Amino acid sequence: MPSIVKPVAKHPSLPANKLGLTVRDYEGSMSTLCAGCGHDSITAAITRAFWELSVEPHMIAKLSGIGCSSKTPTYFVSGAHGFNSAHGRMPAIASGANAANRNLVYIGVSGDGDSLSIGLGQLSHAIRRNLNMLYVIENNGVYGLTKGQFSASADVGSKPKKGDPNQMSPIDPVTLAMSLGVTFAARAFSGDKEQLVPLLKAGLSHPGFALIDVISPCVTFNDHEGSTKSYLYSRQRLFHATEVDFVPEEDEIVATITPAGETPVRMHDGGTVRFTSTPEGYDPQSREKVYTYLQECQQRGVVPTGLLFRDPETRDMHVMNNSPEESLFNLPYEKLCPGSDALEKLQRNYR
Amino acid sequence: MKPTDIGNPDYFHKVVDCQWGCPAHTNVPEYIRLIALGRYTEAYLLNRQSNVFPGILGRTCDRPCEPACRRGRLDGKPVAICRLKRVAADLRDDVSDQIPKGAGGTNGKRIALIGAGPASLTVANDLAPLGYHITIFEKQNKPGGLMRTNIPSFRLPESVLADETGMILGMDGVDIFYNSPIRSMKELLGLGFDAIFVGTGAPRGKDLEIPGRHETDRIHIGIDWLESIAFGHVESIGERVLIIGVGNTAMDCCRSSRRLGGKDIKVMARRPRQFFKASPWELEDAEEEGIEILINHAPKRFVIENGKLTGMEFERLEWDAKAERSKVLDSIIIPCDDVILAIGQDNAFPWIERGIGIEFGKWDMPKVDEKTFQSTLPHVFFGGDAAFGPKNIIWAVEHGHQAAISIHNHCQGIPVADRPPQGQNLVSLKMGLSEWSYHNDFNPSQRQKMVHVDLEERFKRMNVEVELGFSAEQTAREVQRCLNCDVQTVFTAKKCIECDACIDICPVQCLTIGRDGEEAEVRGRLSAPATNTDQALYASEPLPHTKRLMLKDEDVCVHCGLCAERCPTSAWDMQKFELLTPLAGGEACTTSYSHA
Ligand SMILES: Cc1cc2nc3c(=O)[nH]c(=O)nc-3n(C[C@H](O)[C@H](O)[C@H](O)COP(=O)(O)OP(=O)(O)OC[C@H]3O[C@@H](n4cnc5c(N)ncnc54)[C@H](O)[C@@H]3O)c2cc1C
Ligand SMILES: Cc1ncc(C[n+]2csc(CCOP(=O)(O)OP(=O)(O)O)c2C)c(N)n1
Ligand code: SF4
Ligand code: SF4
Ligand code: SF4
Ligand SMILES: [Mg+2]
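Residues numbered from 1 in each chain as written. Chains lettered and ligands numbered in written order. Predicted model: local features only at pLDDT ≥ 70, side-chain atom pairs only at ≥ 80, totals over all residues. Heavy atoms only, no water.

A. Fine view of the overall build of chain B. The helix and strand inventory of chain B stands at 22 helices and 24 strands. Expected size for 596 residues packed as a compact globule is a radius of gyration near 25 Å; at 26 Å, chain B falls within 12% of this value. Principal axes of the C-alpha set define a box for chain B whose edges measure 90 × 60 × 45 Å. Put simply, chain B has 596 residues, and 59% of those count as buried. By sequence separation, contacts in chain B at least 24 residues apart represent 71% of the contacts at least 6 residues apart. A total accessible area of about 24,000 Å² is found for chain B, and carbon and sulfur atoms account for 50% of it. The distance from the centre of the 69 positive side-chain charges to the centre of the 82 negative ones in chain B is 2 Å. (Helix = DSSP H or I, 4+ residues; strand = E, 2+ residues; numbered from the N terminus. Rg over C-alpha atoms; globule rule 2.2 N^0.38 Å. Buried < 20%, exposed > 50% of the residue type's maximum accessible area, 1.4 Å probe, protein only. Contact = heavy atoms within 4.5 Å. Areas by Shrake-Rupley, 256 points an atom, 1.4 Å probe, with all protein chains shown as cover. Lys, Arg positive; Asp, Glu negative; His and termini not counted. Charge placed at Lys NZ, Arg CZ, Asp CG, Glu CD.)

Right, here's the structure in full:
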């Protein structure tokens, strides 16, 4: 009788993190995605990133919408909080949750369909709000769950398995986010965990909205010849534009001496992102330069990966709203809802 | 790294740690699956092909397979392989119609075997069905060798021994002459046998020449004393017994003493415990019976008062860490009524004349080829303890198999060095989507503990078998601990699209896609460092997309099949490996009875 349950057997030398947990303690239930789906690799990278950062599982909130990609939070950190929202509505749920409890680590996992079609408005406003969360788009150019229709990220000329090539121009989530004022923007590839894991860690530690667009091939509907999001095409066109290394705050003292040519970028309350290589004249802190660079790459038909942009002056939703340090859900009722007299007073200020 | 050559049967054979560790290469995982299915008779027969005496070995084997077992590397305790073998032997049906009948000496070749221990009996077992006429000369009046004369009946019941030796002695073309010690090899050579096999064992127990040795009759040589018990010549012993030596013979001596009237029994060891020769389970069994083991005592003299043994004097030693050098602290007299010497065995061939073509080398041992077991006289072969000194039953069996191949070659005019090669079968176990024809789940059960007859009951008679065998529940749990190491992960590089699915799913971090390099360096940068260099790295051809390699550390793979299950292109497949082990007269498969 075959079993598809992951055995409890562990490698005898499996290391523990600062909390004494092994990476296996950050796993979720067994994936029900197609064998070989890029999304599963991202799940493995997320599992590792949380483990490496020693985040307590109960301090994590996982949110998603609808799609194969949106199913994946079930497959990592089963000890975390989670919410599967309606299609494209994850940012609203994330905003609400974050407003009420700012102390959790928020990760949203979405797809190109979930984020760039039905949820485009939601995504845009979450970026503007600079909601403190890591937002991962598992980008395969199709609606995987509904059997492979082109999504809004499909490139012009990309061929479907059957039928005519795509003609509509694609939405690139990174350039879109740049134009909406995102404070952290990165791109990665599901098949390259050496790059993806540090990016996820940096994104989780970024105090604001961190967007990572991860090219994640759909083996079932978009991995054929002529597809521009297949494993082979991605391996041929993707290149590391920047190399980064994430150093958590606690380890910073040992890591302050950076080799010549490296650009350390400190985060306000996280650790340090060290750029170990960038293109000539590239400034990952200049929105204009990065934007121009991305346009150039698009014209050349190549896809840069890495941490592409980081705004050092990131002010998240709570900072902008001047909300209390203490999470709202922890405030005594009288403070949270001071009554009609207090409201009256407040309104008088604006008359 | 060079791509792994999986066409060489050694590669996958080595992954089956137990089978690789077994001198006779018993197909352990296959017989465990058969037991799991309740197919005890087939499990027994599969065992018998390789190790000839499953019932005997299921109780007494030295079990080199168990320290090798992969399960031990995962949760510290190997699968109870040996005791499962006994389950098959105990629960099987009558197999008399499934054992080769022998061919009645029809090929006209006559072979003499000296001694009826496991080595000789294996030779008979392999050659009689091919038509050889076998004549066995045995000194004693019963077959079995040390298995009968030295392994006490509370470990190995006479009925099991009689049954399994009987299967061979009952074959057509096998004659045995009891009470027929060979006293002259020269004379035997004159009888015109086509080949002679010497399976006489290592029959001489070592003596201890220290003062007082010959002034009393209460000092016994362990293996002779055990033999006297087996033949009913000794039925009692004094209350206070000292056993000198701490090997497996010592364990049988002390436990036998316990049953013959010994009350205060001490095993005297020269060195600290970690340097004992006895298997850990034999030590445990002895201690369970109230036997005391004293370390760091070196015999100095026997204390004889008025012609009577009253005790023994020992020097108490202090050893360095490696127990190489010692310092004498003081000396002490320990009173006793009897002393049993269990300090080793020697070979002795006083009956083989020198100058008849059989050359002797170091330590007065015959010169024997390690692969062919041929002596310097081309038609005389040695095997078992007689070949290279005392070992154990399973080695004697393997020597017997190899000597039988040599004898067959010799008689058929084929050079004895032309060994028939090993082969392999690999069969995919994929049945369909998410369907594999083996039980791939990992059962976290702990190793089952053998239940023993209670102390009072077992001391009533010499032949009360101490181990009760596994219950049905214990068997059911223990079989599921086996990791199916013969179900191999087989990789086809050209199918891989480098999606990482296999790497991500593997529960024990066996897999890595990485760049090529020298093996030693590659081992350090895998998903989990591959520090166990006894275990192979399986390296693929360069992968189509990136020219990196798929690298698998075989060390703790649990053969769950999830890599193959999650691979979208079937680049990984789970295939059952079957080692084809040649026996005399051709390629015999350690054959598959099932796919389950
Ligand atoms: C006390 C003790 C306990 C042991 N326990 C175990 C155990 O639990 N498990 C294990 O695997 N091994 C055990 N062994 C070792 C094992 O019994 C031997 O390694 C094995 O029996 C060797 O087999 P063999 O065929 O080479 O010789 P043997 O078993 O020694 O058989 C040799 C036979 O040849 C006969 N013989 C000798 N000389 C002549 C002659 N000149 N003419 C005719 N016949 C002759 C002998 O009578 C004997 O029957 C034990 C050994 C001892 C001493
Ligand atoms: C309101 C609503 N409209 C449409 C759907 C159908 N639907 C389910 S998933 C999906 C697209 C998912 O695409 P994507 O987010 O890219 O996920 P993928 O499966 O590709 O990972 C759509 C349109 C739905 N579930 N709900
Ligand atoms: S349909 Fe595509 S995206 Fe969905 S699980 Fe399968 S491979 Fe992944
Ligand atoms: S069978 Fe495959 S997935 Fe399972 S432990 Fe072995 S290598 Fe890992
Ligand atoms: S799952 Fe299959 S295709 Fe994917 S990397 Fe592993 S072997 Fe290659
Ligand atoms: Mg999609």
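Picking up after the structure, the text goes on.
B. View of the coordination of the magnesium ion (ligand 6). All names here are of chain A. The coordination sphere of the magnesium ion (ligand 6) contains the protein donors Asp 112 (OD), Asn 140 (OD1) and Val 142 (O), at a distance range of 2.1 to 2.2 Å. Read in sequence order, the donor residues coordinating the magnesium ion (ligand 6) give the pattern D-x27-N-x1-V. Asn 140 gets classed as buried once you look at its relative accessible area, which sits at 4%. With relative accessibility at 3%, the residue Val 142 sits in the buried group. (Donors = N, O, S within 2.8 Å, 3.2 Å for Na, K, Ca; no water.)

C. Molecular detail of the site of ligand 2. Residue and element names in this part refer to chain A. Taken together, 17 residues lie around ligand 2, and Cys 68, Ser 69, Asp 112, Gly 113 and Asp 114 are the ones closest in. Cys 68 is positioned with one of its backbone polar atoms (N or O) 2.8 Å from an oxygen atom of ligand 2. If ligand 2 stood free it would expose 590 Å²; the protein chains cover 73% of that surface. Sorting the residues of the shell around ligand 2 by element identifies α2 (68-71), α4 (112-118) and β5 (142-143) as the ones contributing at least two each. (Near = heavy atom within 4 Å. Polar contact = N/O pair within 3.5 Å; in protein donor to acceptor, adjacent residues only side chain to side chain.)

D. Spatial organisation of the packing of helix α9 (residues 118-127) of chain B against helix α11 (residues 158-169) of chain B. All names here are of chain B. Running from N to C, α9 and α11 point in directions that differ by 45 degrees, and their axes come no closer than 9 Å. Comparing their axes, α11 and α9 come out oblique. Crossing handedness for the pair α9 and α11: left-handed. Contact residues: Leu 121, Ala 124 and Asn 125 in α9; Thr 165, Ile 168 and Leu 169 in α11. Partitioning the contact of α9 with α11 into residue classes produces four nonpolar, two polar and no charged. (Axes fitted to C-alpha atoms, helices over the stretch in contact; angles between N-to-C directions. Parallel < 35°, antiparallel > 145°, perpendicular 65-115°, else oblique. Left-handed = near helix turned anticlockwise from the far one by under 90°. Nonpolar A, V, L, I, M, F, W, Y, C, P; charged D, E, K, R; others polar.)

E. Quick peek at the interface of chain B and chain A. Contact with chain B, which involves 34 residues of that partner, is made by 31 residues of chain A. Carbon and sulfur atoms supply 60% of the area buried between chain B and chain A, which totals about 2,500 Å² over both sides. Linking chain B with chain A are three salt bridges, by the criterion used here. Between Lys 193 of chain A and Asp 504 of chain B there is a salt bridge, with the nearest N and O atoms lying 2.7 Å from each other. On inspection of chain B and its partner chain A, the count reaches twelve residue pairs in polar contact (both at pLDDT 80 or more). Here the residues of the side of chain B that touches chain A are counted per class, giving 19 nonpolar, six polar and nine charged. (Buried area = accessible area lost by both parts, 1.4 Å probe. Salt bridge = Lys/Arg side-chain N within 4 Å of Asp/Glu carboxyl O.)

F. Inspection of the site of ligand 1 at higher detail. Residue and element names in this part refer to chain B. Residues in close proximity to ligand 1 total 35 residues, the closest being Thr 60, Glu 138, Leu 146, Arg 155 and Asp 385. One nitrogen or oxygen atom from the main chain of Lys 139 is found 3.1 Å from a nitrogen atom belonging to ligand 1. Out of a free accessible area of 1,000 Å², ligand 1 has 95% covered by protein chains. When contributions to the shell around ligand 1 are tallied by element, the ones reaching two or more residues are α9, α13 (222-230), α14 (248-259) and α17 (393-412). Looking at the shell around ligand 1 residue by residue, the classes come out as 14 nonpolar, 14 polar and seven charged.

G. Representation of the sheet that holds strand β11 (residues 308-319) of chain B within the structure. All names here are of chain B. The strand order β10-β11-β12 describes an open sheet built from three strands, whose pairing is antiparallel. The open sheet is flanked by β10 (297-305) and β12 (326-335), the only strands paired with a single partner. Direction aside, neighbouring strands of the sheet carry axes that sit 20 degrees apart on average. Bridging between β10 and β11 involves eight bridges; their strand directions are antiparallel. Looking at β11, one finds that Arg 301 is bridged to Glu 313. (Pairing = 2+ DSSP bridges.)

H. Seen up close, α9 of chain B. Summarising burial for α9 of chain B: ten of the ten residues are buried, a large majority. Among the residues making up α9 of chain B, those that are buried are Pro 118, Ala 119, Ser 120, Leu 121, Thr 122, Val 123, Ala 124, Asn 125, Asp 126 and Leu 127 of chain B.

I. Focus on the domain arrangement of chain B. Residue and element names in this part refer to chain B. Taken domain by domain, chain B consists of domain 1 (110-203 + 347-411) and domain 2 (205-343). On a C-alpha basis, the centres of domain 1 and domain 2 stand 31 Å from each other. Each partner contributes residues to the interface: domain 1 has eleven residues there, and domain 2 has eleven residues. For the pair domain 1 and domain 2, the number of links is two salt bridges. (Domains from an automatic or database assignment.)

J. Representation of the packing of aromatic side chains in the model. All names here are of chain B. According to the stated counting rule, one finds 16 aromatic pairs over all chains in the structure shown. With centroids separated by 6.2 Å and ring planes inclined at 85 degrees, the aromatic side chains of Phe 137 and Phe 193 adopt a geometry described as edge-to-face. Residue Phe 137 is found in strand β2 (residues 133-137), and its partner Phe 193 is found in the loop between α12 (185-189) and β4 (195-198); the two are separated by 56 residues along the sequence. Here a set of aromatic residues connected by ring pairs shows up, and it is made of Tyr 11, Phe 12, Phe 491, Tyr 538, Trp 572 and Phe 577. If you follow Arg 92 out to its NZ or CZ, it ends over the ring of Tyr 44, 4.3 Å from the centre. Cation over ring: Arg 271 sits above Trp 319, and NZ or CZ is 5.1 Å from the ring centre. (Phe/Tyr/Trp six-rings, centres within 6.5 Å; stacked < 30°, edge-to-face > 60°. Lys NZ or Arg CZ within 6 Å of the ring centre and 35° of its normal.)

K. The arrangement of the pattern of salt bridges in detail. Applying the stated criterion across every chain yields a total of 55 salt bridges over all chains. With its nearest N and O atoms 3.2 Å apart, the salt bridge here joins Arg 187 of chain A to Asp 213 of chain A. Here Asp 213 of chain A lies in strand β8 (residues 209-215) and Arg 187 of chain A lies in strand β7 (residues 184-189), a separation of 26 residues in the sequence. For Arg 187 of chain A, a relative accessible area of 6% puts it in the buried group. The class of Asp 213 of chain A is buried, set by a relative accessible area of 1%. When the shortest N-O distance is used, the salt bridge between Lys 266 of chain B and Asp 264 of chain B registers 3.1 Å. Given a relative accessible area of 15%, Lys 266 of chain B falls into the buried group.

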